[in-house]
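Residue-level structure breakdown
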Amino acid sequence: MKHSERRMIGGFVAPIVLVYLLIFLYPTVRTVYMSFFKLKNLAAPVSDWEFVGLDNYIKLFSSPLVMQAFSNIIKIAFVGGVGTFIVALFFAVVLSSKVRGKKLLRAIVYLPNLITPVAMVTMWTQYIYNNEYGLLHNLFKALHLNWLADIPWTSTEWAFRSMLIAFCFGSVGYYMVIFMSAMEKIPQDLYDYAGMEGAGKLQMFWRITMPLLKDTTKTAVTFWGIGAVNFFLWSRVFSTNPLEPSTIVPANYMFGMVFGGSSSGASNASMLNVGGGCAMGVLLTLCVVLIFFVVNLICGNEKYEY
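These lines cover the structure that appears in this document, whether it is placed above or below.

Definitions and cut-offs
For every chain, the first residue of the written sequence is number 1, and numbering continues from 1 along that sequence. Only residues with pLDDT of 70 or above have their local features reported here, since the model is predicted, and side-chain atom pairs are shown and tallied only from 80 upward, although totals for entire chains, interfaces and linings are computed over all residues. By convention in this description, side-chain values take in all heavy atoms of the structure and omit both hydrogens and water. Working definition: a ring pair exists when centres of Phe, Tyr or Trp rings (six-membered ring for Trp) sit within 6.5 Å. Plane angles under 30 degrees give stacked, over 60 give edge-to-face, the rest tilted. Buried means the residue's accessible area, taken with a 1.4 Å probe over protein chains only, is under 20% of the maximum for its type, while exposed means over 50%, and partly exposed covers the values in between. Geometrically, a charge over a ring is one whose NZ (Lys) or CZ (Arg) sits within 6 Å of the ring centre while staying within 35 degrees of the ring normal. As defined here, a cavity is a set of points on a 1 Å grid over the protein atoms alone where a 1.4 Å probe fits but cannot get out. A pocket is an open set with protein on both sides within 12 Å along at least five of seven lines, and residues line them when an atom is within 4 Å of a point. Grid points are joined across faces, edges and corners, and a volume is the space filled by probe spheres set on the points. Helical segments are the DSSP runs of H or I of at least four residues, strand segments are the runs of E of at least two, and each set is numbered from the N terminus. Residues are sorted three ways: Asp, Glu, Lys and Arg are charged, Ala, Val, Leu, Ile, Met, Phe, Trp, Tyr, Cys and Pro are nonpolar, and all the rest, Gly among them, are polar. Here, nonpolar core means buried Ala, Val, Leu, Ile, Met, Phe, Trp, Tyr and Cys residues that are tied together by side-chain atoms lying within 4.5 Å of each other. Polar contacts here mean pairs of N or O atoms no more than 3.5 Å apart (in protein, one a potential hydrogen donor and the other a potential acceptor; neighbouring residues in sequence count only if both atoms are side-chain atoms). We call two residues in contact when some of their heavy atoms are within 4.5 Å.

1. Quick word on the packing of aromatic side chains
The geometry of two aromatic rings is summed up by the distance between their centres and the angle between their planes. Scanning the model with the defined rule gives 21 aromatic pairs in all. Plain terms: the ring middles of Tyr174 and Tyr175 are 5.0 Å apart, the flat faces sit at 85 degrees to each other, and that makes the pair edge-to-face. Overall, Tyr175 belongs to the buried group, its relative accessible area being 5%. The structure contains a cluster of three or more aromatic residues connected by ring pairs, namely Phe85, Phe167, Tyr174, Tyr175, Phe179, Trp224, Phe231 and Trp234. When the ring centre of Phe160 is taken as reference, the NZ or CZ atom of Lys75 above it lies at 5.6 Å. The cationic tip of Arg161 hangs over the ring face of Trp158; the distance from NZ or CZ to the ring centre is 4.1 Å.

2. Description of the layout of surface pockets
If you roll a probe as big as a water molecule over the atoms, it shows you where there is empty space left. Estimates place the volume of the largest pocket at around 1,700 Å³. Looking at the largest pocket, it is lined by 49 residues, and the ones nearest its centre are Phe85, Leu89, Phe179, Met210 and Thr217. If you list the elements that add at least two residues to the lining of the largest pocket, you get α3 (64-96), α4 (102-110), α8 (159-183), α9 (188-196), α10 (201-212), α11 (214-229) and α14 (274-299). Looking at which element gives the most residues to the lining of the largest pocket, the answer is α3, with 15 residues. Class assignment for the residues of the lining of the largest pocket results in 34 nonpolar, seven polar and eight charged. Lining of the second largest pocket is provided by 19 residues; of these, Pro117, Phe167, Ser171, Phe231 and Trp234 occupy positions nearest its centre. Only α5 (117-128), α8, α11 and α12 (233-238) provide two or more residues apiece to the lining of the second largest pocket.

3. Comments concerning the environment of Ile178
In this fold, Ile178 is placed in helix α8. When its relative accessible area of 18% is taken as the criterion, Ile178 is described as buried. When the C-alpha atoms of Ile178 and Leu89 are compared, they prove to be 9.6 Å apart, with 89 residues separating the residues in sequence.

4. Observations regarding the nonpolar core
Ranked by internal contacts, the top residues of the largest apolar core, which has 62 residues, are Leu60, Ile76, Tyr129, Tyr175, Phe179, Trp234 and Tyr253. By residue number, the principal contributor to this core is α8, which donates 14 residues. The next biggest cluster of nonpolar side chains, apart from the first, holds seven residues, and it includes Leu39, Ala44, Val274 and Cys278.

5. A word on the side chain of Asn273
Mapped onto the elements of the fold, Asn273 is located in the loop between α13 (250-259) and α14. Looking at Asn273, its side chain comes within polar contact range of the main-chain nitrogen of Gly275, at 3.2 Å. Beyond its immediate stretch of four places on either side in the chain, Asn273 contacts Phe37, Lys38, Leu39, Asn56 and Met257.

6. Notes on the side chain of Asn130
Along the chain, Asn130 falls in the loop between α5 and α6 (135-142). At 3.2 Å, the side chain of Asn130 forms a polar contact with the backbone nitrogen of Tyr133. Once you skip the residues sitting within four places of it in the chain, Asn130 turns out to touch Thr125 and His137.

Shown next, in the form of structure tokens:
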């Protein structure tokens, strides 16, 4: 390689390396470093940092509220994920067929993704879950299912399930589009040949569609898992009390520790612990890494070609 070529390559690579060091690597290393200290706010000088070692991590793992927060994201990841993918796959299969008006139906299913989460939460809490004039209340009343009509959807007992249903409803369209885009690339000849051999629609789905959607499903599951770990806004705005165990998530707890609020149990600035918030951030990062590892371990690297 000529000297001029090396200089040209270095000129292109150097800005990328610099951006990575400044924007990604430095904040990551600093966050891990800060997690071993106790400090009151992000602007505190290093001289005011109090070294506590692993104490921040120990306090997190010994907190029942933190354990409940992690339990909630596990439920979101598994229960919500299974429900969302089943419905998304159903719509993807139906709308990939020769059904009439599929463009309009696809737009309707995807529409919730175009609405801001705050507006979605308002719609669900005020017009769907409302116990006086909400959609579910009136629908169940009309069907004479009074025991369902009287469910207090926004109460402490039902808050998490109500939030999860609303969140999954808004996520179906996004994953439907992902699956549909992958299905459209599968050659129609495979289905024609399978039909000539006597295969039914269900057999085609399990023997052709699902195996060829393996890489897409792997990506979708990874996205969903990362979204569950970073779940924050729905939890923050769905419940009027951020300290509510039924809807709290780790990101919400971390926000309270770093910026203040009742979600961390801190009622004033003197009780803040930015180091503890950094420790929570490190744990969430490890959760994301674990998700990548588990998904790749389960799905493997085998690829189907067509």
